[in-house]
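# Reading the structure
Given next are the chains, with one letter for each unit.
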Amino acid sequence: MALTAEEVREALRTVEDPELRQSIVDLDMVKDIEIEGDTVRVVIALTVPNCPLQSVISERAKEAILAAGAKKVYVRLTAMTEAERQALSAKLQSAKGLVTLAPDRPPGSEKTVYLTVSSGKGGVGKSTVTANLAYALARSGLKVGLIDADIYGYSIPEILGIRRQPTVLEKLIVPLYSFGMSVISMGFFVPHNTPVIWRGPMLGKMLDTFFKEVHWDEDLDVLLFDLPPGTGDIPMDISRRVSWAMDILVTTPHPTATHVAARAGAMTLRLNRSILGVVENMSYVECPDGTRVYPFGEGGGRDLAAHFRTELLAQIPLAGDSPGIEDPVTGEIASGLYPADHPVGKVYASLAEKVMEKLGLEPRPEAVR
Ligand SMILES: Nc1ncnc2c1ncn2[C@@H]1O[C@H](COP(=O)(O)OP(=O)(O)OP(=O)(O)O)[C@@H](O)[C@H]1O
Ligand SMILES: [Mg+2]
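Residues numbered from 1 in each chain as written. Chains lettered and ligands numbered in written order. Predicted model: local features only at pLDDT ≥ 70, side-chain atom pairs only at ≥ 80, totals over all residues. Heavy atoms only, no water.

### Quick word on the environment of Ala314
For the record, the criterion: Secondary structure elements follow DSSP: runs of H or I of four or more residues count as helices, runs of E of two or more count as strands, with numbering from the N terminus. Every residue pair with non-hydrogen atoms within 4.5 Å of one another is taken to be in contact.
When you line up the elements, Ala314 lands in strand E15 (residues 312-315). For the pair Ala314 and Glu280, spaced 34 residues apart in sequence, the C-alpha separation works out to 6.2 Å. Not counting residues up to four positions away in its chain, the partners in contact with Ala314 are Val278, Val279, Glu280 and Leu351.

### Comments concerning the sheet that holds strand E3 (residues 72-79)
Stated precisely, the cut-off is as follows: Strands are labelled as partners when DSSP assigns at least two bridges between them. Where helices are involved, their axes are fitted lines through C-alpha atoms of the stretch in contact, as for all axes, and angles between N-to-C directions lie from 0 to 180°.
One open sheet accounts for three strands, arranged E1-E2-E3; its pairing is mixed. Of all strands in the sheet, those bounded by a partner on one side alone are strand E1 (30-36) and E3. The average undirected angle you get between the axes of adjacent strands in this sheet is 15°. Where E1 lies against strand E2 (residues 39-46), six bridges are found, and the strand directions are antiparallel. In the strand pairing of E2, Ile33 is matched with Val42. Strands E1 and E2 of the sheet are contacted by helix H1 (residues 5-12), whose axis makes an angle of about 130° with E1.

### Observations concerning the pairing of E2
This is how the line gets drawn: Exposure categories follow from relative accessible area, calculated using a 1.4 Å probe and restricted to protein chains: below 20% of the type maximum is buried, above 50% is exposed, and the middle band is partly exposed. Consider the strands pointing away from the viewer: the crossover is right-handed when the path from the first strand over the helix to the second runs clockwise.
The buried fraction of E2 amounts to seven of the eight residues, a majority that puts the element mostly inside the structure. If you look at the hairpin formed by E1 and E2, you'll find two residues sitting between the two strands, and Gly37 has a positive phi there, around 60°. Pairing of E2 with E3 involves eight bridges; the strand directions are parallel. The residue of E3 that forms the bridge with Ile44 is Leu77. Between the parallel elements E2 and E3, the chain passes through helix H2 (residues 54-67) in a crossover that is right-handed.

### Quick word on the UniProt feature "binding site: ATP" (unreviewed entry) in the protein chain
Our working rule: UniProt positions are given in the numbering used here, feature names are shortened, and annotations may be inferred rather than shown by experiment.
UniProt's feature table lists "binding site: ATP" (unreviewed entry) at Gly120, Lys121, Gly122, Gly123, Val124, Gly125, Lys126 and Ser127, given in the numbering used throughout. One can find Val124 in the loop between strand E4 (113-118) and helix H4 (126-139). Under the relative-accessibility criterion, Val124 is labelled buried at 2%. In this structure Val124 touches Ser119, Val250, Thr252, Ala257, Asn281 and Met282, once residues within four positions along its chain are discounted. By the secondary structure assignment, Lys126 is in helix H4. Setting aside anything within four residues of it in sequence, one finds Lys126 in contact with Val117, Ser118, Ser119, Lys121, Asp226, Leu227, Pro228, Pro229 and Val250.

### Examining the environment of Thr128
Position of Thr128 among the secondary structure elements: in helix H4. Taking relative accessible area as the criterion, Thr128 reaches 28% and is therefore assigned partly exposed. With near-sequence residues (within four places) excluded, Thr128 lies in contact with Ile159, Gly336 and Tyr348.

### Overview of the site of ligand 1
Stated precisely, the cut-off is as follows: We call a residue near a given molecule or strand whenever any one of its heavy atoms falls within 4 Å of it. Polar contacts, as used here, are pairs of N or O atoms within 3.5 Å; protein pairs need one atom able to donate a hydrogen and one able to accept it. Residues neighboring in sequence count only if both atoms are side-chain atoms. Three residue categories are used. Nonpolar comprises Ala, Val, Leu, Ile, Met, Phe, Trp, Tyr, Cys and Pro, charged comprises Asp, Glu, Lys and Arg, and polar comprises the others, including Gly.
Among the 14 residues in the neighbourhood of ligand 1, the closest are listed as Lys126, Ser127, Thr128, Asn281 and Ala319. Contacts to ligand 1 include Ser127, whose side-chain N or O atom sits 2.8 Å from an oxygen atom. Interatomic distance of 2.8 Å between a backbone N/O atom of Ala319 and a nitrogen atom of ligand 1. Of the residues in the shell around ligand 1, the class split is six nonpolar, six polar and two charged.

Here's what the structure looks like:
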């Protein structure tokens, strides 16, 4: 028996837009359903023309309608009109209560934990640690957001292999969904690696945009901030906006790095924020026979943790290149993420476990593997 339009619509309700992660029916993207015997034709309007994930939407819609009982399915993709985009933007905003809530409200909800990752010194691995920790938390089933707050020196897009640009609906920016995390970075808005040459006030404006104009999920469990090196305007600005954010200090075992990281830690405390713990990166190299060598010396992380009466959360080995991981949805290859079954990926998994334990967060079954 032929399907009814209502049955097709119900089947499509299970299909989510990969970026907005809501049903394409609820997002008013299903524009037309035509049924002729066991052939179904649907028209789906994308939020932007040539949306990079259009084939994902089309495939998912096709599968859902076939699973409902159709024999042949044709999906035609169009783009929303300006008026439809405006209506969707208004709908998303009012659903989140953004219109009526205080303008300074940070992303997420009261239960969202904010974590900054900092170090005094550049190049110690903050961005690598932030991205891999975020990925390990997402694998545990948490809803994870990642703000690349290094406006000049952004590197998160490169680490995650992101080649897309975010959808912008009116004044609402949809974060890019990558490896199970919602991500925003200045790099998404800068063509061809052009250097960003802005002064302080503009940096604050960009952070403002990241906080207020990005469509963050209400139910984010954790929002991580990859900070630029040092103790400049951006860490100060973030401390002002989310003074209850906790900090993870990254250092290498070398005394110079530890000494400089101590300055970043001192600033965190001066701003009345707490330090969740220390991550020592590039700690050792594991030889094939299992012995460890310590090219940058030993004890930096331990000493820094003792100095701040906090815990050394992890020691991450000096690693070779990651084999790369392919995002199952977008097909993008992250060259800076370590797979869960890689020795370094396992260290990040236990770092994530420790972070969750300290924050009282529990793993969820719907984990991204
Ligand atoms: N454990 C590690 N083993 C080997 N290489 C690493 C490790 N951690 C980071 N790296 C490499 O070191 C370089 C710097 O890392 P990353 O960009 O994460 O540092 P950063 O502290 O964020 O730098 P910046 O201060 O410029 O933001 C990168 O090339 C990264 O791939
Ligand atoms: Mg960095």
